[in-house]
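Coordinates in review
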Number of protein chains: 2
Amino acid sequence: MEGNGSDKLLVARERVVESMAKNMHLYGVTSSIARLYGLMFFEDHPMTLDEMKEQLGMSKTSMSTSVRTLMDLKMIDKKWMKGTRKDHYAVQEDWYQSFIDFFSIKWKSAVTMNIQSIKKSLHDLEVLITQPDIDEEVKHTAENDISKLHEALKYYDWLLQVIQQFESHHIFDLVPRPDEKL
Amino acid sequence: MEGNGSDKLLVARERVVESMAKNMHLYGVTSSIARLYGLMFFEDHPMTLDEMKEQLGMSKTSMSTSVRTLMDLKMIDKKWMKGTRKDHYAVQEDWYQSFIDFFSIKWKSAVTMNIQSIKKSLHDLEVLITQPDIDEEVKHTAENDISKLHEALKYYDWLLQVIQQFESHHIFDLVPRPDEKL
DNA sequence: CAGTTTGTACAGTTTAAACTGTACAAAATG
DNA sequence: CATTTTGTACAGTTTAAACTGTACAAACTG
C-alpha cells in the first residue's frame, strides 16, 4: 500500500487505535495489547503471529501472549485457514457480544470469588458469636460485620443478575441494538 | 480490641478484604487501594489518613493518593467532623450507586474519547476519498474503514445508552434492588 | 521417520508504576 | 501574626509487570 493518500489513511487509523489503546485498560488489557487489537480490527484478513510481530515491531513471544489474552476475553477468534500451518486470528466482529463476554468472564468470576469469601467468613462469624466465652465488644463487632456482609451478598447477587441479563441478551430489551446485520 | 475471639474476627475480615483486593482491579484500582477500601468498609467510623497509615503500615503519602483515587471513583466520601482538623473519610454505603458511578465516570469518558477520535478520523477519511488523484486501492481501503467506523460508532452509542440506563436507575426496572433501606 | 516449521515456556532485561520520605504550602489555632 | 497541624507535590527508590531472546516441544511435511 503506497501512493498518494495512504499516509492520511494511516494517520486516521492511528488516531483511532491510540484512542482504543488509552481506554482499553477498562478491559484489563495493556495498551500494547489494545494496539494489537486495533491493528487486527482494521486488517481485513485473519492475521498470523508473524504478521503482527512485523507490523508492531515487537517480539513473537509478546504476540503469542497478547493473542492468548485477547482469546481468553473472546475479543478475537482463531480462524482455521487451509494450506498453511500458521494460526490465524481475527477480531470478534460483534462488539456487543464482546462487551457481554467481558462481563460474563471477568466480572462474574470476580463476583463469585467475593461471594465465596463472604459466605465463608459469614459462617465463621456466626459460629464465633455463639461462643459462650466471647468478649462482649467482639461479639458486638462481629454482629455488625455479619450485617454488613449480608448486605454485600445482596448486592453481589444483584450484580450477578445484571450480568445474567447481559448474557441472556435481555439487556437489548432495555437498550435495543441499532439494527441487525443485513 | 483483644481477648478471646478477636483473632477469628480479624481472620474473617481479612479473608473478605483479600478477596476484594484480588478483584477490585476491575475498577482500575491497585490491590493496596482495594485493601484500604476494605479496611474502611469494616471500620464503623470515618477514618483519618493517620489512622489508615497506622492500620496498613504504609506511608501517609500513599494514603493521601489512595484516598484521592477512591474519592474520584466516588467510592468513599469526605465527612466533615466538628472539633478536629483532620479530614475524615467513609465508604459510600450504597454499592449499587458505586457501581453506577464507576460506569458513569470511567466508562463514559472512555467511550466519549473513542467517539471523538472516530468522528475525527471519519471526517478525514470522507475528505480523503473525494480526492481526485487518490490511489484506487487506498480509496477502497478507506471506504472499508469508514464502514467499520460507522459500525463502531453505533456500538459506542448503544453503550452510552446502557450507561444512561444505569444513571437513570432504569436498570432497576430490569433487575430490581432486593429491598430499600428500612 | 528425519527435517521443518510454529507456538510457547522460561530466564533475564527493560520499563512502568507503586510507594516512601522530605519539604513545603495552606489552613487552623491562640 | 507567629505557631502548629495537615495534606500533598516532588524526587528518589523499590517493586511489579511488560517485553525479549533463546531454546525446545508439538505438529506438520515429504
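Being a predicted model, the structure only gives us computed values, none of them experimental. (Residues numbered from 1 in each chain as written. Chains lettered and ligands numbered in written order. Predicted model: local features only at pLDDT ≥ 70, side-chain atom pairs only at ≥ 80, totals over all residues. Heavy atoms only, no water.)

1. Regarding the protein's contact with DNA strand C
The environment of DNA strand C is made up of 15 residues, and the closest members are A:Ser64, A:Asp87, B:Ser32, B:Ser59 and B:Ser62. Those atoms of DNA strand C that come within 4 Å of the protein belong to sugar or phosphate at a rate of 71%. A:Asp87 is positioned such that a nitrogen or oxygen atom in its backbone is 2.6 Å from a phosphate oxygen of DNA strand C. Between B:Ser62 and DNA strand C, the recorded distance is 2.8 Å, taken from a side-chain N or O atom to a phosphate oxygen. For the surface near DNA strand C, the leading source of residues is helix H4 (residues 60–72) of chain A, giving four residues. Of the residues in the surface near DNA strand C, the class split is two nonpolar, seven polar and six charged. (Near = heavy atom within 4 Å. Polar contact = N/O pair within 3.5 Å; in protein donor to acceptor, adjacent residues only side chain to side chain. Helix = DSSP H or I, 4+ residues; strand = E, 2+ residues; numbered from the N terminus. Nonpolar A, V, L, I, M, F, W, Y, C, P; charged D, E, K, R; others polar.)

2. Regarding the environment of A:Val17
Summarising the element assignment, A:Val17 is placed in helix H1 (residues 6–23). When the C-alpha positions of A:Val17 and A:Phe41 are compared, they lie 9.0 Å apart, and in sequence the two are 24 residues distant.

3. Some details on the relation of the copies chain B and chain A
Two chain copies here: they are related by a rotation about an axis and a translation along the same axis. The two copies are related by a screw motion: chain B maps onto chain A through a turn of 180° and a shift of 0.0 Å along the axis, at an RMSD of 0.0 Å. Taken together, the rotation and translation describe the operation of a two-fold axis. Most of the interface of chain B is mirrored in chain A: 100% of its interface residues are interface residues there too. (Least-squares fit on C-alpha atoms with pLDDT ≥ 70 in both. Contact = heavy atoms within 4.5 Å.)

4. Focus on the protein's contact with DNA strand D
Close contacts around DNA strand D come from 15 residues, with A:Ser32, A:Ser59, A:Ser62, B:Ser64 and B:Asp87 the closest. Between DNA strand D and A:Ser59 there is a distance of 2.8 Å, counted from a phosphate oxygen to a side-chain nitrogen or oxygen. Take B:Ser64: an N or O atom from its side chain is 2.4 Å from a phosphate oxygen of DNA strand D. Within the residue set of the surface near DNA strand D, elements represented by two or more residues are H4 of chain A together with helix H4 (60–72) of chain B. No other element matches the four residues that H4(B) contributes to the surface near DNA strand D.

5. Some thoughts on H4(A)
Residue and element names in this part refer to chain A. End to end, H4 covers 18 Å across 13 residues, agreeing with the expected 18 Å (1.5 Å per residue, within 8%). Every buried residue of H4 is listed here: Met 63, Ser 66, Val 67 and Leu 70. The buried residues of H4 all sit within an arc of 105° when viewed along its axis, so they share a single face. For H4, the exposed residues lying more than 90 degrees away from the buried face are Thr 61 and Arg 68. Structurally, H4 contributes buried residues whose contacts are with helix H2 (31–42), helix H3 (49–56), strand S1 (76–79) and strand S2 (88–91). Note on H4: the residue one or two positions beyond its end, Lys 74, has a positive phi of about 55°. (Expected span 1.5 Å × (residues − 1). Buried < 20%, exposed > 50% of the residue type's maximum accessible area, 1.4 Å probe, protein only. Arc of directions from axis to C-beta.)

6. Some details on the packing of aromatic side chains
Aromatic ring pairs are described here by two measures, namely the spacing of the ring centres and the angle between the planes. Per the counting criterion, the structure on display carries 45 aromatic pairs over all chains. Taken together, a centroid distance of 4.6 Å and an interplanar angle of 50° make the contact between A:Tyr27 and A:Phe102 tilted. Of this pair, A:Tyr27 sits in the loop between H1 and H2 while A:Phe102 is found in helix H5 (residues 95–128), placing the two residues 75 residues apart along the sequence. There is no split in this pair, since A:Tyr27 and A:Phe102 are both buried. Summarising the aromatic geometry, the rings of A:Trp95 and B:Tyr156 are spaced 5.8 Å apart at their centres and angled 70° between planes, so their arrangement reads as edge-to-face. (Phe/Tyr/Trp six-rings, centres within 6.5 Å; stacked < 30°, edge-to-face > 60°.)

7. Considering the interface of chain B and chain A
Reports of interface size often rely on the accessible area that becomes lost once the parts have come together. On the side of chain A, 67 residues touch chain B, which itself brings 67 residues to the contact. For the pair chain B and chain A, the summed buried area comes to about 6200 Å², and 68% of that belongs to carbon and sulfur atoms. At the junction of chain B with chain A, the criterion picks out eight salt bridges. A salt bridge links B:Lys154 to A:Asp179; its shortest N-O distance comes to 3.3 Å. At the surface where chain B touches chain A, the tally comes to 24 residue pairs in polar contact (both at pLDDT 80 or more). Listing elements by their share of the side of chain B that touches chain A, those giving two or more residues are helix H1 (6–23), helix H2 (31–42), helix H5 (95–128), helix H6 (136–167) and helix H7 (171–174) of chain B. (Buried area = accessible area lost by both parts, 1.4 Å probe. Salt bridge = Lys/Arg side-chain N within 4 Å of Asp/Glu carboxyl O.)

8. Some thoughts on the packing of H5(B) against H6(B)
Residue and element names in this part refer to chain B. Two elements in contact, H5 and H6, have axes separated by 9 Å at closest approach and are oriented at 160°. Regarding the angle of H5 to H6, the classification is roughly antiparallel. In this structure, H5 crosses over H6, and the sense of that crossing is left-handed. Of the residues in the contact of H5 with H6, the class split is 21 nonpolar, four polar and five charged. (Axes fitted to C-alpha atoms, helices over the stretch in contact; angles between N-to-C directions. Parallel < 35°, antiparallel > 145°, perpendicular 65-115°, else oblique. Left-handed = near helix turned anticlockwise from the far one by under 90°.)

9. As for the domain arrangement of chain A
Residues and elements named next belong to chain A. Split by domain assignment, chain A resolves into domain 1 (6–91) and domain 2 (95–174). On a C-alpha basis, the centres of domain 1 and domain 2 stand 35 Å from each other. On the domain 2 side, the residues contacting the nine residues of domain 1 number seven residues. Buried area between domain 1 and domain 2, both sides added, is near 710 Å², and the carbon and sulfur share of it is 67%. Sorting the residues of domain 1 by area buried against domain 2 places Tyr 27, Leu 73 and Lys 74 first, and these three jointly supply 59% of that buried surface. The interface formed by domain 1 and domain 2 includes one residue pair in polar contact (both at pLDDT 80 or more). Residues of the side of domain 1 that touches domain 2, tallied by class, amount to seven nonpolar, no polar and two charged. (Domains from an automatic or database assignment.)

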